[in-house]
Amino acid sequence: MEEIKSQIDISKIKGDIHAAETLEKELKKEIENLTPYQKLQLARHPDRPHAEDIINLIMNEKYELHGDREFRDDPAIVCYIGKISDVECVVIGEEKGRNTKEKVTRNFGMPHPEGYRKALRVAKLAEKFNLPILFLIDTPGAFPGIGAEERGQSEAIAKNLFELSRIKTPTVSIVIGEGGSGGALAIGVADKFAMLKYSVFSVISPEGCAAILWGDGSKAETATKALKISAQELKKLGLVDDIIDEPLEGAHRDYKTTADNIKEYFLKNIKNLKELSTDELLQQRFEKYLNYGSFETSAK
């Protein structure tokens, strides 16, 4: 009787394993065939890890730096100095906030000009002490309010683009959620630019694009397809250096695995970049951005 029971138990276990393998196989098939709009929903998932979540998982001996020394501290951008593994570095990220109160405090991850000035101040500090920089991008875009415009939003973004293009320290920038327009580019100029598998990067939000082109925000799905905002599409266009893997169902399912993948990518690339001289680093970065974009001509 015990032997029969044991055989039944083994059969049940084998059946459960087979069912689990079949489910995982089907799930993987569905995930791999997600449309760009579905990937956008994953990038905006309310439980997706934010910059603070990633920083807490990958950094040790960290200390937060505040303020732009001109106007105020912008909570939409966080800056930390510390270590990733045994590498002393600086991490600068855009933070959306988790609950309603925190989202309002952090302005839903939409930085003001003082946020970008804080990011640049800390980046220049990293340059002074030859510390590599990790940027974590996650924003719908720079805040378009009147106050932000009065304090020079466009100038702050433009200055970041200029200064980060020639900063004399290795830099890695990773899109972990949304990469919206200039709000993302302001901390996106780097030696290595990567995206998490289900993150997005675009010149404008699909809703904004739909409203402008068709006068109808409900056509966001059509706009998403036209904009080519997924990591896979941008990699094909040569605008992204690498795609960092996520757990099967998305980063929100496993923060630690996602953070470990980001940590591994950063450490690997910083090790390679540190082998370059300053002149080689700047020349390689210059050539990288100079070669962006391509076109074909044909005889009429």
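A brief structural summary. (Residues numbered from 1 in each chain as written. Predicted model: local features only at pLDDT ≥ 70, side-chain atom pairs only at ≥ 80, totals over all residues. Heavy atoms only, no water.)

All chains considered together, the criterion is met by 22 salt bridges. Lys96 is the salt-bridge partner of Glu178, the closest N and O atoms lying 2.8 Å from each other. Of this pair, Glu178 sits in strand E5 (residues 171-180) while Lys96 sits in the loop between strand E3 (87-94) and helix H4 (100-105), and the two are 82 residues apart along the sequence. We note that Glu178, like Lys96, is buried. Taking the shortest distance from any N to any O, the salt bridge between Glu102 and Arg106 comes out at 3.3 Å. One continuous salt-bridge network, built from bridges that share partners, spans Arg44, Lys96, Asp138, Glu178 and Glu207. (Salt bridge = Lys/Arg side-chain N within 4 Å of Asp/Glu carboxyl O. Helix = DSSP H or I, 4+ residues; strand = E, 2+ residues; numbered from the N terminus. Buried < 20%, exposed > 50% of the residue type's maximum accessible area, 1.4 Å probe, protein only.)

Burial analysis of E3 places seven of its eight residues in the buried class, which makes it a mostly covered element. Relative to E3, strand E2 (residues 77-84) runs antiparallel, the two being bridged by eight bridges. Paired with Gly82 across the bridge in E3 is Cys89. Between E2 and E3, which pair antiparallel in sequence order, lie two residues; one of them, Ser85, sits at a positive phi of approximately 60 degrees. (Pairing = 2+ DSSP bridges.)

Here we come to the packing of aromatic side chains. Following the criterion strictly, the structure yields two aromatic pairs and no others. Summarising the aromatic geometry, the rings of Phe193 and Phe201 are spaced 5.3 Å apart at their centres and angled 75 degrees between planes, so their arrangement reads as edge-to-face. The two residues Phe193 and Phe201 agree in class, both being buried. Of note, Lys288 hangs over the ring of Tyr289, and the distance from its end group to the ring centre comes to 5.4 Å. (Phe/Tyr/Trp six-rings, centres within 6.5 Å; stacked < 30°, edge-to-face > 60°. Lys NZ or Arg CZ within 6 Å of the ring centre and 35° of its normal.)

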